[in-house]
Amino acid sequence: VQAFDDAMDKSYAAAESADSGGIVVVAIYICILILAVMYRKSLDGGTARKCFFMTITGFILYCARYFSNAIYERMSYYFFYYSILLLPAVISKAPEQERKFVKFGIIFLSIVLFVYRVNGGAFSDFKLFFN
């Protein structure tokens, strides 16, 4: 952060922290981490373990935006990709019956995220076809 401050001639130590928002990202991190802890014994040692710890790092950096400053949110996005790698590894190790439930949950949460983003973002003036 200090090197970036020097390069951009800004002081992120004086920046404001985020008071709200980001609940969907926190929920995604929590869901993935809970699944990884549930199936940790059946995960492969090397890659999945690294992805797990990088996902935890990203989650901590993202949560730091609430009590420090907003630069940590941007830094956490570099670690979010590891959660994308961890999720299929976790799903593939789940028992067949639980795997169907987890896949359904992920699909449902993806649709909820889509609707949430469309209604509150730059596309808020548009309506979904089922409204």
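Residue indices follow the written sequence of each chain, beginning from 1 at its first position. Predicted model: local features are reported for residues with pLDDT of at least 70 only, side-chain atom pairs are reported and counted for 80 or more only, and whole-chain, interface and lining totals are derived from all residues. The side-chain values count all of the structure's non-hydrogen atoms but skip hydrogen atoms and water molecules.

**Student:** Lay out the side chain of Ser 76 with the relevant residues and their values.
**Tutor:** Secondary structure elements follow DSSP: runs of H or I of four or more residues count as helices, runs of E of two or more count as strands, with numbering from the N terminus. One can find Ser 76 in helix H4 (residues 71-93). Accessibility expressed as a relative area gives 0% for Ser 76, which makes it buried. Polar contacts here mean pairs of N or O atoms no more than 3.5 Å apart (in protein, one a potential hydrogen donor and the other a potential acceptor; neighbouring residues in sequence count only if both atoms are side-chain atoms). For Ser 76, the side chain forms a polar contact with the main-chain oxygen of Glu 73, separated by 2.6 Å. Only protein chains enter the accessibility calculation, which uses a 1.4 Å probe; a residue is then buried when its area is under 20% of its type maximum, exposed when over 50%, and partly exposed in between.

**Student:** Quick one: what's the story with the environment of Tyr 77, residue by residue and with numbers?
**Tutor:** Here Tyr 77 lies in helix H4. As a C-alpha pair, Tyr 77 and Gly 58 span 19 residues in sequence and 7.0 Å in three-dimensional space. For Tyr 77, the side chain forms a polar contact with the side chain of Glu 73, separated by 2.7 Å.

**Student:** Quick rundown of the packing of aromatic side chains? Include the residues and the values.
**Tutor:** Each aromatic pair joins two rings of Phe, Tyr and Trp (for Trp, the six-membered one) with centres within 6.5 Å, and gets the label stacked for planes under 30 degrees apart, edge-to-face for over 60, and tilted for any other angle. The full count for this structure, using the stated rule, is 7 aromatic pairs. Judged by centre distance (6.5 Å) and plane angle (45°), the ring pair of Tyr 29 and Tyr 62 falls under tilted. Of this pair, Tyr 29 sits in helix H2 (residues 23-38) while Tyr 62 is found in helix H3 (residues 46-67), placing the two residues 33 residues apart along the sequence. The same class applies to Tyr 29 as to Tyr 62, namely buried. With 5.4 Å between their ring centres and 65° between their planes, Phe 52 and Phe 53 make a pair best called edge-to-face. By relative accessible area, Phe 52 is classed as buried at 19%. Aromatic ring contacts, followed pair by pair, group Tyr 29, Phe 59, Tyr 62, Tyr 66, Tyr 77 and Phe 80 into a single cluster. To sit over a ring, a charge needs its Lys NZ or Arg CZ within 6 Å of the ring centre and within 35 degrees of the ring normal. Over the ring of Tyr 66 we find Arg 65, and its NZ or CZ is 4.7 Å from the ring centre.

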